[in-house]
Amino acid sequence: MTDLTQAAASRLLTDTNHNRRPWGLLLVAVPVFLVGWLVIWPTISAIARTVWRLDAEGNYGFNLSSYVFFFSDQYSLNNLAITLWTTGMCALLLLVICLPIALYLRFSSGRLPAYVQGLAIFPLFVPSIILAYAFIRVLGPNGMVDILFNAVGLPKIRTPYLTPWGPVIGLVWDNIPLTVLILLAGLGNVANQSIEAARDVGANRLQVFWHIILPRISNSVLVALSFSILGIFSAFTLPYLLGPASPEMMGPFMQRTFREVNDPLNAITQAVIAFGFCIVFGLFYVRSVARNRGG
Amino acid sequence: MKRREFMLATAATAGTLILPRMTSAAEGVIDWYTSSDSNIYDFWANTVKPAFEAANPGITINLVDAGDGAGIIAIGERAIAAKQTGTDPQADYFETANPRLPAGAIEAGIYTNVKAAGLSNYSKINPLAIDSDYSLPYRGSQVLLAYDSTKLDPANTPKDWDALVEWIKANPGAFVYNRPDKGGSGGNFVRRAIHQANGLDPSLFTVDNYTEEFGNEALGKAWAILSDIAPSLYDSGAYSSGNTQSIQLLAQGVVTMTPVWSDQVLQAIDQGVLPPETGLVQLQDLALCGDFSRAVIIENGTNKDAALKLADFVLSEAIQSAILTELGGFPGVSWDYVEPALRERFSDIVPTTIPTFPSGQWEAAINDGWYRNVAPNVARDS
């Protein structure tokens, strides 16, 4: 009986060893092929189509005029600036909001943290279009907040609806779950022993956070931020529904240039420029993953 | 081994299942596409489809939502490709489309000349609505001004553009219109400003007379008018992001007046989204623009004859009356061909003329120009 099992096990082991490589590569081939086909190829084609195209005389040639237009057009630059401002502001707010939540969840136990975690993950299950309309109902003009304030005799709020703060609030709320989850995973790396050891030698809470916890989770912070930044930079629904008509974020701007202004060339140029910014954050992420794997 | 074979078999089966279905369109099933909102789709699913299928046994309608205008154009491109290869376009009827799109579609012969198709109801169509021999106007709507009659006495409503501007400036923050590309109510308000700036003459603008020089001159004057009222708008110059959002701001009592589509506002009042105290008013010097939705028949569709039957059916008195009562739209036929009782009931919104504004290059110029010249409002940055 034991012999038989052992034989079977070893056969299974050699089988797996023998077959692992080709099958593994084959399994990876599908996603790699899809990424190549649906992401990398369109990117290359977009870049090629904006720099190598027909000129006025009908000859193909190297032409950067659409990029020159973008970077010399104040309206486009304002849109790029508001996108960068929104992204930066969201990243900052996400860090300020999510880090305390993650720390609380990591270092406390019981029923309450479970509820807090459930609440922090909740936005994951709310589609952004529903979030946008709920936002208008609550924070919009004459919304719930105004009604509550009015009931206790306070003045109306200056509503963030249709101002640059509208998308910021919506996007931060939308990105809380992902950020909290990634930070929480990172905090799992912090050993209780090292914190206790630091406490034993007299470190206060701030010192523990600064010297023990932060160095261990800096990688996770980077990953969490690059993830949310990538999503926020190209966000469409929330900036479109909650943001001002002008300046507009790159997502609605691209869509409008393509669809409403019937100008595919400038829309693709805007997309390539947005891609250029996103790739910087993407590289941060790839670098930190690679560093993690190496270590 | 067996497990692996099983997995391979499963993968192969799954692969065949997700392959696009390469079937031909079925005989007797009209492939119908729309780019309109869900209220139009529902109207077809609940009213037109059952009535037509009951009247024409053996013919059914396959209702497909193509998403938006670009979706319809993509199906049109497919029909051109199918025509060239002699295959089946799997499309017979567009609920609303512009036969000039995709460019060259009429020349390619994929759209039916409905004027020459011998429809028994063609002569009933409102002459104001006809735009091309290749499209069939069957429903319309117009932009009106909706207001809260508890805040604005109906006797004091602005009756012409100058009075409207005066009212907007006297009541800062009480008026909002949506971004012109995000919905026709704001879009046609902007077009009304263009008419105002160019001598109230809609005939100045045609689908093919856009030139950069004329455009800059004609539109530039309108941008000046709109920039002038911008600081007096809701939130010192904010623009809602669609027709519904404007109605929402009116419903929440934030603004007192906003431009609206006639069919949307009638439905909103009917459903209680807007209170019964909502008043409607049209400018008397020149009405705000409206437009008709025009059906297009695919010439090389398998079920062209059935589709023509459907087109004729849609112009019948029963369906045209239902467009008024159930959709809150205008009929595509002349008002003489609507039930007399209904004509009486809707006499207030019966338009004598419906000014229209061409699309084509004008549309792109308006969409771009408004965002560059009117939307940025420096005073608003706080």
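All of these numbers come straight from a predicted model, not from anything done at the bench.

Visitor: What exactly am I supposed to notice about the interface of chain A and chain B here?
Guide: Interface size is commonly expressed as the accessible area that is lost once the parts come together. Taken together, the contacts link 29 residues of chain A with 30 residues of chain B. At the boundary of chain A and chain B, one finds 2 salt bridges. Its salt-bridge partner being Asp73 of chain A, residue Arg372 of chain B comes within 2.9 Å of it at the nearest N-O pair. Put simply, chain A and chain B have 9 residue pairs in polar contact (both at pLDDT 80 or more) between them. Listed by contribution, the elements that provide at least two residues to the side of chain A that touches chain B are helix H1 (2-51), helix H3 (74-106), helix H5 (128-139), helix H10 (237-242) and helix H11 (250-259) of chain A.

Visitor: Even after reading the chapter, I still don't get H5 of chain A, so can you show me in this structure?
Guide: Residues spaced three or four apart along an α-helix point in a common direction, a consequence of the helix completing one turn every 3.6 residues. In this model H5 of chain A runs 15 Å from its N-terminal to its C-terminal C-alpha over 12 residues, within 8% of the 16 Å that 1.5 Å per residue would give. Buried within H5 of chain A are the following residues: Leu131, Ala132, Phe135 and Ile136 of chain A. End-on view of H5 of chain A: buried residues confined to an arc of 140°, all on one side of the axis. For H5 of chain A, the exposed residues lying more than 90 degrees away from the buried face are Ile130 and Arg137 of chain A. Looking at the buried residues of H5 of chain A, the elements they touch are helix H7 (165-187) and H10 of chain A together with helix H8 (243-251) of chain B.

Visitor: It is not clear to me how the pattern of salt bridges should be interpreted in this structure. Could you clarify?
Guide: Any two side chains of opposite charge can pair, on the condition that their charged atoms come close. Considering all chains together, one arrives at 13 salt bridges over all chains under this definition. The shortest N-O distance in the salt bridge between Lys221 of chain B and Glu217 of chain B comes to 3.8 Å. Note that Lys221 of chain B and Glu217 of chain B are positioned in helix H7 (residues 212-229) at a spacing of 4 residues, about one turn of the helix. Residue Lys221 of chain B is classed as partly exposed on the basis of its relative accessible area, which comes to 38%. What makes Glu217 of chain B partly exposed here is its relative accessible area of 48%. One network of salt bridges, in which partners are shared, links Asp73 of chain A together with Asp368 and Arg372 of chain B.

Visitor: Sorry if this is basic, but what is going on with the domain arrangement of chain B here?
Guide: All names here are of chain B. Domain annotation for chain B reports domain 1 (29-139 + 291-349) and domain 2 (141-290 + 357-380). For domain 1 and domain 2, the distance between their C-alpha centroids amounts to 29 Å. At the junction of the two partners, domain 1 supplies 10 residues and domain 2 supplies 10 residues. Between domain 1 and domain 2 lies a buried interface of about 920 Å² when both sides are counted; carbon and sulfur atoms form 49% of it.

Visitor: Would you mind going over unusual backbone geometry with me for this structure?
Guide: The amide bond that connects Ser246 of chain A to the next residue, Pro247 of chain A, takes the cis arrangement and shows omega of -5°. By the secondary structure assignment, Pro247 of chain A is in the loop between H10 and H11. One non-glycine residue, Gln90 of chain B, adopts positive backbone phi at about 55°. As for its position among the elements, Gln90 of chain B is in the loop between helix H3 (69-85) and strand S3 (93-94). What makes Gln90 of chain B partly exposed here is its relative accessible area of 29%. In the Ramachandran plot, Ser236 of chain B falls in the positive-phi region, its phi being about 55° despite a non-glycine side chain. Mapped onto the secondary structure, Ser236 of chain B falls in the loop between H7 and H8.

Visitor: Would you take a moment to explain the packing of helix H5 (residues 161-170) of chain B against helix H6 (residues 184-197) of chain B for this structure?
Guide: Helix-helix packing: each pair is described by the crossing angle between the helix axes and the interaxial distance. Residue and element names in this part refer to chain B. Viewed as axis vectors pointing N to C, H5 and H6 meet at an angle of 120°, and their least axial separation amounts to 11 Å. Considered as vectors, H5 and H6 are oriented oblique to each other. Where H5 crosses over H6, the two elements pack in a sense that is left-handed. Counting all contacts with H5, which are made through Trp161, Asp162 and Leu164, the residues of H6 involved are Phe189, Arg192, Ala193 and Gln196.

Visitor: Honestly, the pairing of strand S4 (residues 136-148) of chain B in this entry has me stumped. Any pointers?
Guide: It is a general feature of regular strands that their side chains alternate between the two faces of the sheet. Residue and element names in this part refer to chain B. Counting buried positions along S4 gives 13 out of 13 residues, so the element sits mostly inside the fold. Relative to strand S7 (residues 290-297), S4 runs antiparallel, the two being bridged by 6 bridges. Along S7, the bridge assignment pairs Arg139 with Ser293. Of the strand pairs in this sheet, S4 and strand S8 (residues 330-331) are connected by 2 bridges, and their pairing is antiparallel. By the bridge assignment, Gly140 is partnered in S8 with Phe330. Direction of pairing for S4 relative to strand S5 (residues 257-261): antiparallel, over a ladder of 5 bridges. Note on S5: the bridge partner recorded for Leu144 is Val260.

Visitor: I keep staring at empty space enclosed by the protein and nothing clicks. Help me out?
Guide: Residues and elements named next belong to chain A. The full count for this structure, using the stated rule, is 1 cavity of 30 Å³ or more. Empty space within the largest cavity amounts to approximately 110 Å³. Along the wall of the largest cavity there are 16 residues; nearest its centre are Pro239, Pro244, Pro247, Glu248 and Met249. Its residues placed into classes, the lining of the largest cavity shows 11 nonpolar, 2 polar and 3 charged.

Rules used in this analysis
Residues numbered from 1 in each chain as written. Chains lettered and ligands numbered in written order. Predicted model: local features only at pLDDT ≥ 70, side-chain atom pairs only at ≥ 80, totals over all residues. Heavy atoms only, no water. Contact = heavy atoms within 4.5 Å. Salt bridge = Lys/Arg side-chain N within 4 Å of Asp/Glu carboxyl O. Polar contact = N/O pair within 3.5 Å; in protein donor to acceptor, adjacent residues only side chain to side chain. Helix = DSSP H or I, 4+ residues; strand = E, 2+ residues; numbered from the N terminus. Expected span 1.5 Å × (residues − 1). Buried < 20%, exposed > 50% of the residue type's maximum accessible area, 1.4 Å probe, protein only. Arc of directions from axis to C-beta. Domains from an automatic or database assignment. Buried area = accessible area lost by both parts, 1.4 Å probe. Axes fitted to C-alpha atoms, helices over the stretch in contact; angles between N-to-C directions. Parallel < 35°, antiparallel > 145°, perpendicular 65-115°, else oblique. Left-handed = near helix turned anticlockwise from the far one by under 90°. Pairing = 2+ DSSP bridges. 1 Å grid on protein atoms, 1.4 Å probe; cavity = no way out; pocket = protein on both sides within 12 Å on 5 of 7 lines; lining within 4 Å. Points joined across faces, edges and corners; volume = space filled by probe spheres on them. Nonpolar A, V, L, I, M, F, W, Y, C, P; charged D, E, K, R; others polar.

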